[in-house]
Amino acid sequence: MYRRSALLAGAVVIAALAGFAVWAGRSNQGAITRVRTLTMISDAYQQARHAVAQEDLAARGYRLEPDHVQLQAFTSAKASLASALQVVRANRSADPALVERVIASNAAATEWFARLRARAAVSDYAGVVAIDDHQLQPRFDAMTVQLDRAAADYRRLALASLQKAQSSERMVLAVVAITIAMGVLLLLSAAATMRYRARLERVRGKEVERLKRAALVDNLTGLGNHRAFEEDVALALAESMAAERPLSLALLDLDGLKQINDRHGHQAGDECIRILASVLAQAGPQISAYRIGGDEFALLARDLRSVDTLYLVQHLQSTMATASGDRPVAASAGAAEASPDLDRDTLIRRADLALIQAKRSHRRCVLYNETLEPILELPDAIAERRHTDALATALARAVDAKDAYTHSHCETVSELCAMIGQQLALAPERVAKLRLAGLLHDVGKIGIIDSILQKPAPLTDAEYEVMKTHTRLGHAIVSAAERSEEAEWILHHHERIDGSGYPDGLAGEAIPLESRIILVADAFEAITADRPYRAHRSQEVALAELERCAGSQFDARCVEALRHCVAGERRQAA
């Protein structure tokens, strides 16, 4: 406020000085004009005095030597006097009475000069001398005195006006100098004020950014916090629906944080949280990571479908294991994909249901489907299902642990089976069983020796025959757990549509639909994952290979359903 008042006062002073300078300049211009006018009048009087002197000389010369030359000089001097008096008369500053007196005196002198000429013509020299001495000279002398006095008076007035003009000019110069100095000071003050304002704006901007960061960023990890997550999910969901582009949400929960805090202290727990956050922050350019709770995290995956998010989460989970050093860091995850008319809360709820199922069944990542929706069950049934899911996950991990190249293979096949089953509009109970069968489809490989199972080269015919026994071994293991339907599907998941599969050579509709689904999911995961004898291939290449073999090795409906799940094509019902 003080700076603003000072600037306003300075501007008022400069405006006043500028106005005074304009007034002084005009006054100075008027004084200069008056000097010119007075000087011109003074010069005119001087010219008139000179003309009178010329008349006097011409009259004296004519008295001594009367001839036409002197007469012509008198006439010329008279005309010069008239011209000078005309200039004086035309100026309002001159004294008109003085002009009239001079004109009258000159007219009388002219008349007496005519008489002098007449006396000279008759050689009356006494009369000529008398006229010249008593009539002409007194008049010429009187006019000379009057004109001298008038010229001196106007010259003095001109000098006084000139001094006034010079004084005004000095005053104008002084005011201009002061105005310039004040203007410079005002500009400097304005510049200082602008710099001060800019500095305040920068400080304010930094403070706003700090407050924004405090409001939207988690202090421990640097990731977005729960508020940022809620805002970004709503915005991303609206953009996804408007652009008709896929969007997936993954929720992650850091495993065993309470145990780490209890055993090693909260600093160790914070370090685990930071390690997980650093891994999630490097998920990719279209992935936004958030910490939404103490041990809860979220990934907002733009332009990714749920199956892509599954692969992404699995990759991040592998990175966590290698980045954590002596104290392994692991996280369970649940993912859901956005769909038309799906609001923010429903999308978050679906991902949360998938995460709950992943933690209950000790799975790495579970994709949402309708089978995860809460249903009314007896407590004993709920406990039994949880026990079964946990046991199945443990068996699947035991199978994957035997072969480092099939890390998470069983879990991925399980999720793909559930997606295909839901796409084919299977009942929720049937999808749940299919998901379990997909998880255990390779459980029979526990009975295959490592030299065959982990061989980094094509199998021999004899080795292949041994490998094919894993379907019957799996059937026996799952049947022993009183899961007869799932065991039957596992037994036939390597049957082919054309009847060339194993173990029974079933063909077409004789093969259970669930077995056909498991075969498609198993082949897709195998093509898109690394193997000891080849690198992984893209999803499009995998889909193209499945479609090429549809009708001979794979069920075409299952392949089409998988393509919809992966690439978003038209939904097909069973």
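For the structure itself, look to the data block above.
Residues numbered from 1 in each chain as written. Predicted model: local features only at pLDDT ≥ 70, side-chain atom pairs only at ≥ 80, totals over all residues. Heavy atoms only, no water.

**Student:** Is there a simple way to explain the overall build of the protein chain in this structure?
**Tutor:** In terms of regular secondary structure, the protein chain is built from 19 helices and 5 strands. Here the protein chain holds 574 residues, and the buried ones make up 43% of them. Taking the intrachain contacts of the protein chain between residues at least 6 apart in sequence as the baseline, contacts between residues at least 24 apart amount to 68%. About 29,700 Å² of surface is accessible on the protein chain, with carbon and sulfur atoms providing 56% of the total. (Helix = DSSP H or I, 4+ residues; strand = E, 2+ residues; numbered from the N terminus. Buried < 20%, exposed > 50% of the residue type's maximum accessible area, 1.4 Å probe, protein only. Contact = heavy atoms within 4.5 Å. Areas by Shrake-Rupley, 256 points an atom, 1.4 Å probe, with all protein chains shown as cover.)

**Student:** What exactly am I supposed to notice about the packing of helix 15 (residues 470-480) against helix 16 (residues 484-491) here?
**Tutor:** Each pair of packed helices can be summarised by the angle the axes make with each other and by the distance between the axes. Relative orientation of the contacting elements helix 15 and helix 16 amounts to 175 degrees, with a least axis distance of 8 Å. If you check the angle between helix 15 and helix 16, you find them roughly antiparallel. Between helix 15 and helix 16, the residues in contact are Thr471, Arg472, Gly474, His475, Val478 and Ser479 and Glu486, Ala487, Glu488, Ile490 and Leu491, respectively. A breakdown of the residues in the contact of helix 15 with helix 16 according to their chemical character gives 4 nonpolar, 4 polar and 3 charged. (Axes fitted to C-alpha atoms, helices over the stretch in contact; angles between N-to-C directions. Parallel < 35°, antiparallel > 145°, perpendicular 65-115°, else oblique. Nonpolar A, V, L, I, M, F, W, Y, C, P; charged D, E, K, R; others polar.)

**Student:** For this particular structure, what's the right way to read the side chain of aspartate 555?
**Tutor:** Note that aspartate 555 resides in the loop between helix 18 (539-548) and helix 19 (556-567). Those residues in contact with aspartate 555, other than ones at most four positions away along the chain, are Ile497, Arg516 and Val520.

**Student:** What exactly am I supposed to notice about the sheet that holds strand 3 (residues 296-302) here?
**Tutor:** Strand-to-strand pairing in sheets goes through backbone hydrogen bonds, with the strands running parallel or antiparallel. As summarised here, the arrangement of the 5 strands in space is 2-3-1-4-5, forming an open sheet in which the pairing is mixed. The strands lining the two open edges of the sheet, one partner per strand, are strand 2 (287-291) and strand 5 (365-367). When the angles between neighbouring strand axes are averaged without regard to direction, this sheet yields 15 degrees. Of the strand pairs in this sheet, strand 4 (residues 331-337) and strand 5 are connected by 3 bridges, and their pairing is parallel. Directly across from alanine 333, in strand 5, lies its bridge partner cysteine 365. Packed onto the sheet, helix 8 (residues 306-323) meets strand 1 (247-254), strand 2, strand 3, strand 4 and strand 5 and runs at close to 165 degrees relative to strand 4. (Pairing = 2+ DSSP bridges.)

**Student:** How should the pairing of strand 1 be read in this particular structure?
**Tutor:** Looking down a regular strand, the side chains alternate between one sheet face and the other. Along strand 1, 8 of the 8 residues are buried, which leaves the element largely enclosed by surrounding structure. Residues Leu247, Leu249, Leu251 and Asp253 line one face of strand 1 and the alternating positions Ser248, Ala250, Leu252 and Leu254 line the opposite face, and both faces are buried. Judged from the 7 bridges that link them, strand 1 and strand 3 form a sheet pairing that is antiparallel. Residue aspartate 253 lies in a different strand from strand 3, and its bridge partner there is glutamate 296. In this structure, strand 1 lies alongside strand 4, joined through 7 bridges in antiparallel fashion. The residue of strand 4 that forms the bridge with serine 248 is glutamate 337.

**Student:** Honestly, the nonpolar core in this entry has me stumped. Any pointers?
**Tutor:** Here is a general trend for soluble globular proteins: nonpolar side chains tend to be buried in one another's company. Leu252, Leu280, Leu299, Ile517, Phe524 and Leu562 are the most contacted members of the largest nonpolar core, which has 71 residues in total. In terms of residues, this core owes the most to one element, helix 17 (residues 513-528), which gives 9 residues. Apart from residues lying up to four places away in sequence, phenylalanine 524 is in contact with Tyr311, Leu416, Gln539, Ala542, Leu543, Leu546, Leu562 and Val566. Core analysis: the next-biggest nonpolar cluster, separate from the first, contains 34 residues, Ala59, Val99, Trp112 and Met143 among them. (Core = buried A, V, L, I, M, F, W, Y, C linked by side-chain atoms within 4.5 Å.)

**Student:** I tried to follow the environment of alanine 521 on my own but got confused; where do I start?
**Tutor:** Examined against the element boundaries, alanine 521 turns out to sit in helix 17. With a relative accessible area of 0%, alanine 521 lands in the buried category. Between the alpha carbons of alanine 521 and alanine 418 there is a distance of 9.6 Å; along the sequence they are 103 residues apart. When near neighbours in sequence (up to four residues on either side) are disregarded, alanine 521 contacts Val413, Leu416, Cys417 and Ile420.

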